[in-house]
Amino acid sequence: MINKSIFSEILIFSLILVFLILPPVIAPGVSAGDQIFTWTFPFRQIGLGIFAVVLFVLSKGLNTRKGFFYPGFFALTFMFFVALLIRFITKNSVKEFDIALPSGGLQWIFCVLTFLFSAVYEEVIYRFYFADAFYRILGYTRFGDKKSTLIICQALALLAFAFAHLYLGILAVINAAVAHLVLTYLYKKTNFIWNCVLVHFLYNIISLILL
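Residues numbered from 1 in each chain as written. Predicted model: local features only at pLDDT ≥ 70, side-chain atom pairs only at ≥ 80, totals over all residues. Heavy atoms only, no water.

### Some points on helix H2 (residues 43–58)
Alright, step 1. If you check H2, its first and last C-alpha atoms are 23 Å apart, about what 16 residues at 1.5 Å a residue would give, namely 22 Å.
Alright, step 2. When we look at burial in H2, the residues that qualify are Ile 46, Leu 48, Gly 49, Ala 52, Leu 55 and Phe 56. (Helix = DSSP H or I, 4+ residues; strand = E, 2+ residues; numbered from the N terminus. Expected span 1.5 Å × (residues − 1). Buried < 20%, exposed > 50% of the residue type's maximum accessible area, 1.4 Å probe, protein only.)

Have a look at this one:
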């Protein structure tokens with residue numbers, strides 16, 4: 001008979017996979033000139049962010065902080081450099097999406113809330129939860145050795161996060177894959193997921209303004 005805690009973890013993971021991780025992967029793409037963001041109150045992002053915090057707490061994610069500035073600063077710098085490089089290489093070959101800056105104080109508040117809660121959700125789901133939870137589940141089945149299982153789980157987490165941005169085009173997938181590697185390294189280096197949340201949030205805000 002399957003252990004109740006194992007069953008619960010498999011059930012939760014399956015629900016998150018089906019309802020949260022797979023939908024953006026198969027979402028229809030946007031066309032050049034489409035308005036990606038409308039700066040209204042972000043009910044969906046806040047709901048997902050709150051869900052992520054609850055998941056984090058229930059997963060006993062009480063990490064010990066090892067510091068932010070040194071690894072976080074270089075993670076942010078590297079991610080922004082890669083985004084600039086992709087932008088430069090594809091400047092004359094790729095059509096731009098219409099990402100309008102917020103107009104007025106209220107829209108800027110909604111923008112900050114959108115990016116903040118999105119960063120919380122994505123970091124908890126893709127960096128903190130997905131690979132480790134899948135690794136534990138595969139461990140119950142005695143699938144492969146530990147090293148190969150860990151590599152498979154990390155690779156699937158990378159693919160899940162990268163292809164969640166497929167609706168923005170293949171360049172967004174590449175950029176997201178690089179960001180995932182950097183943020184995963186930052187998380188493993190500092191053992192503090194909120195470092196990644198802050199870097200992710202700042203990266204999105206800076207990219208909106210400068211790119």
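### Details of the packing of aromatic side chains
Alright, step 1. Scanning the model with the defined rule gives twelve aromatic pairs in all.
Alright, step 2. Arranged with centres 6.2 Å apart and planes meeting at 35 degrees, the rings of Phe 13 and Tyr 129 form a pair that is tilted. Of this pair, Phe 13 sits in helix H1 (residues 4–25) while Tyr 129 is found in helix H4 (residues 105–140), placing the two residues 116 residues apart along the sequence. For the pair shown, Phe 13 and Tyr 129 are each scored as buried.
Alright, step 3. Seen from their ring centres, Trp 39 and Phe 115 are 5.8 Å apart, and the 80 degrees between their planes marks the pair as edge-to-face. One end of the pair, Trp 39, is in the loop between H1 and H2; the other, Phe 115, is in helix H4, with 76 residues separating them in the sequence.
Alright, step 4. Feature note: the residues Phe 13, Tyr 129, Phe 130 and Phe 134 constitute an aromatic cluster, connected by ring pairs. (Phe/Tyr/Trp six-rings, centres within 6.5 Å; stacked < 30°, edge-to-face > 60°.)

### Here's the deal with the side chain of Arg 127
Alright, step 1. Along the chain, Arg 127 falls in helix H4.
Alright, step 2. Within the structure, Arg 127 has its side chain in polar contact with the side chain of Glu 123 (distance 2.6 Å).
Alright, step 3. Only 2.7 Å separates the side chain of Arg 127 from the side chain of His 180, close enough to count as a polar contact.
Alright, step 4. Not counting the four nearest positions on each side in its chain, Arg 127 is found in contact with Glu 122, Phe 161, His 180, Leu 183, Thr 184, Tyr 187, Ile 193 and His 200. (Polar contact = N/O pair within 3.5 Å; in protein donor to acceptor, adjacent residues only side chain to side chain. Contact = heavy atoms within 4.5 Å.)

### Brief notes about helix H7 (residues 193–210)
Alright, step 1. Helix length check: H7, at 18 residues, gives a terminal C-alpha distance of 26 Å against a target of 26 Å (1.5 Å per residue), a fit within 8%.
Alright, step 2. Taken together, the buried positions of H7 are occupied by Ile 193, Asn 195, Cys 196, Val 197, Val 199, His 200, Phe 201, Tyr 203, Asn 204, Ile 205, Ser 207 and Leu 208.

### Considerations on the packing of helix H5 (residues 146–163) against helix H6 (residues 170–190)
A pair of packed helices is characterised by two quantities: the angle between their axes and the separation of those axes.
Alright, step 1. Direction vectors running N to C along H5 and H6 enclose 135 degrees, while the axes themselves pass 8 Å from each other. Here H5 is positioned oblique relative to H6, judged by the angle of their axes. Remark: the crossing between H5 and H6 carries right-handed chirality. Taking contact as the criterion, the partners of Gln 154, Ala 157, Leu 158, Phe 161, Ala 162 and Phe 163 in H5 are, on H6, Val 173, Ala 176, Ala 177, His 180, Leu 181, Thr 184 and Lys 188.
Alright, step 2. Class assignment of the residues belonging to the contact of H5 with H6 gives a composition of nine nonpolar, three polar and one charged. (Axes fitted to C-alpha atoms, helices over the stretch in contact; angles between N-to-C directions. Parallel < 35°, antiparallel > 145°, perpendicular 65-115°, else oblique. Left-handed = near helix turned anticlockwise from the far one by under 90°. Nonpolar A, V, L, I, M, F, W, Y, C, P; charged D, E, K, R; others polar.)

### Observations concerning the environment of Gly 49
Alright, step 1. The topology assignment puts Gly 49 in helix H2.
Alright, step 2. Gly 49 sits 70 residues away from Ala 119 along the chain, and the two C-alpha atoms are 8.0 Å apart.
Alright, step 3. Ignoring sequence-local partners within four residues, the contact set of Gly 49 consists of Phe 117, Val 120 and Tyr 121.

### Quick look at the pattern of salt bridges
Alright, step 1. One pass over the full model with this rule turns up three salt bridges.
Alright, step 2. The residue Glu 123 makes a salt bridge to Arg 127 at a minimum N-O spacing of 2.6 Å. Of this pair, Glu 123 and Arg 127 both sit in helix H4, four residues apart, which is roughly one turn of the helix. For the pair Glu 123 and Arg 127, a shared accessibility class is recorded, and that class is buried. (Salt bridge = Lys/Arg side-chain N within 4 Å of Asp/Glu carboxyl O.)

### Points about the confidence of the model for the chain
Alright, step 1. Mean pLDDT over the chain works out to 87, with 87% of the residues at or above the 70 mark.
Alright, step 2. Within the chain, the element-level pLDDT minimum falls on helix H3 (residues 69–89), averaging 84, and the maximum on H2, averaging 95. (pLDDT = per-residue confidence, 0-100.)

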